[in-house]
Amino acid sequence: MVIDTLDNFGKYVGINPLFADVEKFLHDNDLSKMEPGKYAIKGDDLFVNIQLAKGRTPDAAVLETHRRMIDIQIPLDSPETFGFTPLCRLPEAAYDAEKDITKYGDLMAESFVGCQPGMFAVFFPQDGHAPCITMAPEIKKAIFKVKA
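The rules we used
- Residues numbered from 1 in each chain as written.
- Predicted model: local features only at pLDDT ≥ 70, side-chain atom pairs only at ≥ 80, totals over all residues.
- Heavy atoms only, no water.
- Helix = DSSP H or I, 4+ residues; strand = E, 2+ residues; numbered from the N terminus.
- Rg over C-alpha atoms; globule rule 2.2 N^0.38 Å.
- Buried < 20%, exposed > 50% of the residue type's maximum accessible area, 1.4 Å probe, protein only.
- Contact = heavy atoms within 4.5 Å.
- Areas by Shrake-Rupley, 256 points an atom, 1.4 Å probe, with all protein chains shown as cover.
- Lys, Arg positive; Asp, Glu negative; His and termini not counted.
- Charge placed at Lys NZ, Arg CZ, Asp CG, Glu CD.
- Pairing = 2+ DSSP bridges.

Participant: Would you explain the overall build of the protein chain in this entry?
Facilitator: If you tally the helices and strands in the protein chain, you get 1 helix and 12 strands. N-terminal to C-terminal, the α/β element order of the protein chain is β-α-β-β-β-β-β-β-β-β-β-β-β. Here the C-alpha atoms of the protein chain give a radius of gyration of 14 Å, agreeing with the 15 Å that 2.2 N^0.38 yields for 148 residues. Across its three principal axes, the protein chain shows a C-alpha extent of roughly 40 × 30 × 25 Å. When the 148 residues of the protein chain are sorted by exposure, 46% land in the buried category. If you take every contact in the protein chain between residues at least 6 apart in sequence, the share linking residues at least 24 apart comes to 81%. Taken as a whole, the protein chain presents about 7,700 Å² of accessible surface, with 53% of it coming from carbon and sulfur. Positive and negative charge centroids in the protein chain, built from 16 and 22 side chains respectively, lie 2 Å apart.

Shown next as structure tokens:
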């Protein structure tokens, strides 16, 4: 997991070859002005979802993991908190291969980190994360899906 400001995103492009494409997209687009929807950048290997998501409390947020994709999550209009539990401490759960997601039901995250607009959080396949924790009733956010 990585949490940092968008100004520092370029420092992470060596993690994955597609991160340079994310950096270019961030430079060339104003995410806050984009309409909700899925935007292809490099086919199924890299795309961004602009979402309006319902705000959740920490106990209502659902932990999830992905096997094939890395999430880069960016809150756009209000602060967002993410629950975090390493995959190695999560129980076995059903994997949905079509959606590349495993959800862990009512299990509460072990720890929480905050992310303000202008920041980003990167979640790798080994990172259980519970998104959309916010006091706002709804949050606009960008989620880059990057092939791991």
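That shown, we press on.
Participant: Would you explain the pairing of strand β10 (residues 119–123) in this entry?
Facilitator: The two faces of a sheet get side chains in turn, since along a regular strand they alternate between them. The buried count for β10 comes to 4 of 5 residues, which makes it a mostly enclosed element. Across 4 bridges, the pairing between strand β1 (residues 2–5) and β10 is antiparallel. For T5, the partnering residue across the bridge sits in β10 and is M119. Looking at chain direction, strand β5 (residues 69–75) and β10 are connected through 3 bridges and run antiparallel. The residue of β10 that forms the bridge with Q73 is A121.

Participant: Sorry if this is basic, but what is going on with unusual backbone geometry here?
Facilitator: Peptide bonds are mostly trans, and most non-glycine residues show a negative phi. A positive phi angle, near 50°, is found at D100, a position not held by glycine. Note on placement: D100 falls in the loop between β7 (95–96) and β8 (101–103). Taking relative accessible area as the criterion, D100 reaches 3% and is therefore assigned buried. Even without glycine at this site, C132 takes up a positive phi of about 70°.

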